[in-house]
Structure formats: structure tokens, C-alpha cells
Amino acid sequence: MKNTLIKTIVLVLFCWTAVDANAQMNPKWTIGVKGGWNWTNISRSNLGRIDETYSPLGNFDAGLQARYKLTDWLAIRADLSIMSRSYRMDRNLNYLDPVFTKYTNDYLTLPLMADFSFGGRQLTGHAYCGGFGGYWMKAHVKGKTYWMTDYYVYFDDFDEIREFNSEDQRLIAGAVGGLGISYDFLNSEESGGGPVVSLDVLYYYDLVSHHKGYVHLSDPRYLNTLSITLGIACKF
């Protein structure tokens, strides 16, 4: 009985050592952080709003990133990010030229993508495609508005947190894809561990309007965001 127990312990230790050595030689997970900048534009019908002009604005994008390798050329990539998506509306009537609004919308986003890799073991290219979900956490507006009397037009500045209402769709979903490049400093496909630096360019395309529309008027509004981020991660 004692000899059997000793043999079992030795076998377990041997198997654990073999698995650990294999994981070190061929790490599956890459986990790290990322941060960068994005540019967002809104896609919206101009029906009844011919005096409004929309333009993209930049803001931040930061969070966590994780990658699980399935084969030498295919992996699953998932990020958890706080993405601030901003755009601007200007009134283009002559007497309302000073009027504008900057919209800043903070989202918690979770893209899930297939990661197709190509190139060498240290310097690797990536092509991503998949989908994402998100939650609209906060809305902020800043700009200049107006009010009129019989003889004058007056302008006032505003800068405030916008309260959500029944017309807002706070859960969103869409398609995401892009390209990236990564550099493994220690060639950890062989050694395990090691820092990996990456540069990713992703495009987020909303398929769910963040505005539900009024009772008698459909007014879908979709955000489209180009995100450029730098990341640093380790392989396990």
C-alpha cells in the first residue's frame, strides 16, 4: 500500500512537471493592458435636420486584453475596455453659426474576435474579425445653445452630464475588425513568459441604434469608431 502511494505521488509529480514544461514551451494565453485613442462619427439620417452638420471627434480607449492560442495561426481575442466615443454637431444656418454641441459617450465594450496571425515568431501580423457588445455608462454634452426674442438672438454656453431617458438604448452590439502587429521580445513561443508589445487598429461598427426613436418617428443613430491602441502583455 505504501509503495503504491509513493508510486502514485511520483506519477502525479511527473505528469505535473511535464504539463508545466509543455506550457512553458508552448504558452497558450497572452494577457495584458492596452490604451490609445479613437475617432468616432455618427451615422444618422438628416431628414428634417438639413441645418445640422456632424463631424468626428477623438477620445480615449483603454482596458484589458486577452488572447488564447488555438493553433499556430489562429487564436481567440477578447478585450474589456472603457471607450469614450465622441462626436460634434454644428448648426449651419448663418445666424446660428456659433451653435454647436460636443457629445461624449462612455461605453464599457467587450469585443470577441478571431485572431489570424502571420509572419515570424517574434514579429507577427494579425488580422481580426468578430463582434462586440457594449453598455452605455455615461453621456456628457458641452457646447453653445441659443434663445430668441423679437429683436435679438442670445447665446449661452453649457457643459453638463446628460441624464438618460426612455429613448436611450444603453445596450449596444456591432461588428468589429482590423489589423495589428506584435513583437515578442523573448521569443516566448519557445521560452514562455516574456513581454509582448502590440499595436492594433480596430473599427467598431454599431448594428444597434443607441436611440430607440420617438413614438411616431424613427430616428436611428449608429456610432462608428476607429480605435488605435498600444498594448503590453505577457504569455503564460
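So, a few notes on the structure that sits alongside this text. Just so it is clear, the model here is predicted, and its values are computed rather than measured.

Looking only at helices and strands, the chain has 2 helices and 9 strands in total. Each helix and strand of the chain, placed in order from N terminus to C terminus, yields the pattern α-β-β-β-β-β-β-β-α-β-β. Each of the 236 residues in the chain was classed as buried or not, and the buried ones make up 36%. Summarising the internal contacts of the chain: among those between residues at least 6 apart in sequence, 66% fall at separations of at least 24.

With that out of the way, let us pick up the environment of tyrosine 146. Note that tyrosine 146 resides in strand E5 (residues 123-148). Taking the C-alpha atoms as reference points, tyrosine 146 and aspartate 156, 10 residues apart in sequence, are found 6.0 Å from one another. For tyrosine 146, the residues in contact, after removing those within four places along its chain, are Arg91, Leu96, Val99, Val153, Tyr154 and Phe155.

As enumerated under the stated definition, the model contains 13 salt bridges in all. Between aspartate 157 and lysine 144 there is a salt bridge, and its shortest N-O distance comes to 2.7 Å. Pair noted here: aspartate 157 is in strand E6 (residues 153-161) and lysine 144 is in strand E5, with a separation of 13 residues, a long-range link. Judged by its relative accessible area of 62%, aspartate 157 is exposed.

Counting 14 residues, the largest nonpolar core has Tyr107, Met113, Phe132, Val176, Leu202, Tyr204 and Leu223 as the members making the most contacts within it. Secondary structure elements with two or more residues in this core: strand E3 (74-91), strand E4 (100-119), E5, strand E7 (171-184) and strand E8 (195-206). Here the element with the most residues in this core is E5; it accounts for 4 residues. Other than its neighbours up to four places away in sequence, valine 176 contacts Pro111, Met113, Cys129, Gly130, Gly131, Phe132, Leu202, Tyr203 and Tyr204.

Examined bridge by bridge, strand E1 (residues 29-44) and strand E9 (residues 221-235) share 15 bridges and lie antiparallel to one another. Considered in E9, the bridge of glycine 36 is made with threonine 229.

This next bit is on the environment of lysine 102. Inspection of the secondary structure puts lysine 102 in strand E4. Taking the C-alpha atoms as reference points, lysine 102 and glycine 143, separated by 41 residues in sequence, lie 5.9 Å from one another. When residues no more than four places from it in sequence are discounted, the contact partners of lysine 102 are Leu57, Tyr87, Arg88, His140, Val141 and Lys142.

So, about the layout of surface pockets. Using a probe with the size of a water molecule, rolled over the atoms, empty space left in the structure can be pinpointed. By volume, the second largest pocket amounts to about 330 Å³. Around the second largest pocket sit 21 residues that line it, and Tyr103, Arg162, Asp168, His211 and Arg221 are the ones nearest its centre. Sorting elements by how many residues they give to the lining of the second largest pocket places E5 first, with 4 residues. Looking at the lining of the second largest pocket residue by residue, the classes come out as 9 nonpolar, 6 polar and 6 charged.

Attention now goes to the side chain of aspartate 200. Among the secondary structure elements, aspartate 200 is positioned in strand E8. Separated by 3.0 Å, the side chains of aspartate 200 and arginine 77 make a polar contact. If sequence neighbours within four positions are ignored, aspartate 200 has contacts with Gln65, Arg77, Tyr128, Leu179, Gly180, Ile181, Ser227, Ile228 and Thr229.

Looking now at the pairing of E7. As paired strands, E5 and E7 are joined by 13 bridges and run antiparallel to one another. Bridge pairing in E7 places alanine 127 opposite leucine 179.

By convention here, two paired aromatic rings are described through the distance between centres and the angle between planes. Applying the stated criterion to the full structure yields 9 aromatic pairs. Seen from their ring centres, phenylalanine 132 and tyrosine 204 are 5.2 Å apart, and the 80 degrees between their planes marks the pair as edge-to-face. Placement of the pair is phenylalanine 132 in strand E5 and tyrosine 204 in strand E8, with a sequence separation of 72 residues. Tyrosine 204 matches phenylalanine 132 in its accessibility class, with the two residues each being buried. Ring centres of tryptophan 136 and phenylalanine 164 lie 4.9 Å apart, and the angle between their planes is 80 degrees; on these two criteria the pair is classed as edge-to-face.

Conventions used here
- Residues numbered from 1 in each chain as written.
- Predicted model: local features only at pLDDT ≥ 70, side-chain atom pairs only at ≥ 80, totals over all residues.
- Heavy atoms only, no water.
- Helix = DSSP H or I, 4+ residues; strand = E, 2+ residues; numbered from the N terminus.
- Buried < 20%, exposed > 50% of the residue type's maximum accessible area, 1.4 Å probe, protein only.
- Contact = heavy atoms within 4.5 Å.
- Salt bridge = Lys/Arg side-chain N within 4 Å of Asp/Glu carboxyl O.
- Core = buried A, V, L, I, M, F, W, Y, C linked by side-chain atoms within 4.5 Å.
- Pairing = 2+ DSSP bridges.
- 1 Å grid on protein atoms, 1.4 Å probe; cavity = no way out; pocket = protein on both sides within 12 Å on 5 of 7 lines; lining within 4 Å.
- Points joined across faces, edges and corners; volume = space filled by probe spheres on them.
- Nonpolar A, V, L, I, M, F, W, Y, C, P; charged D, E, K, R; others polar.
- Polar contact = N/O pair within 3.5 Å; in protein donor to acceptor, adjacent residues only side chain to side chain.
- Phe/Tyr/Trp six-rings, centres within 6.5 Å; stacked < 30°, edge-to-face > 60°.

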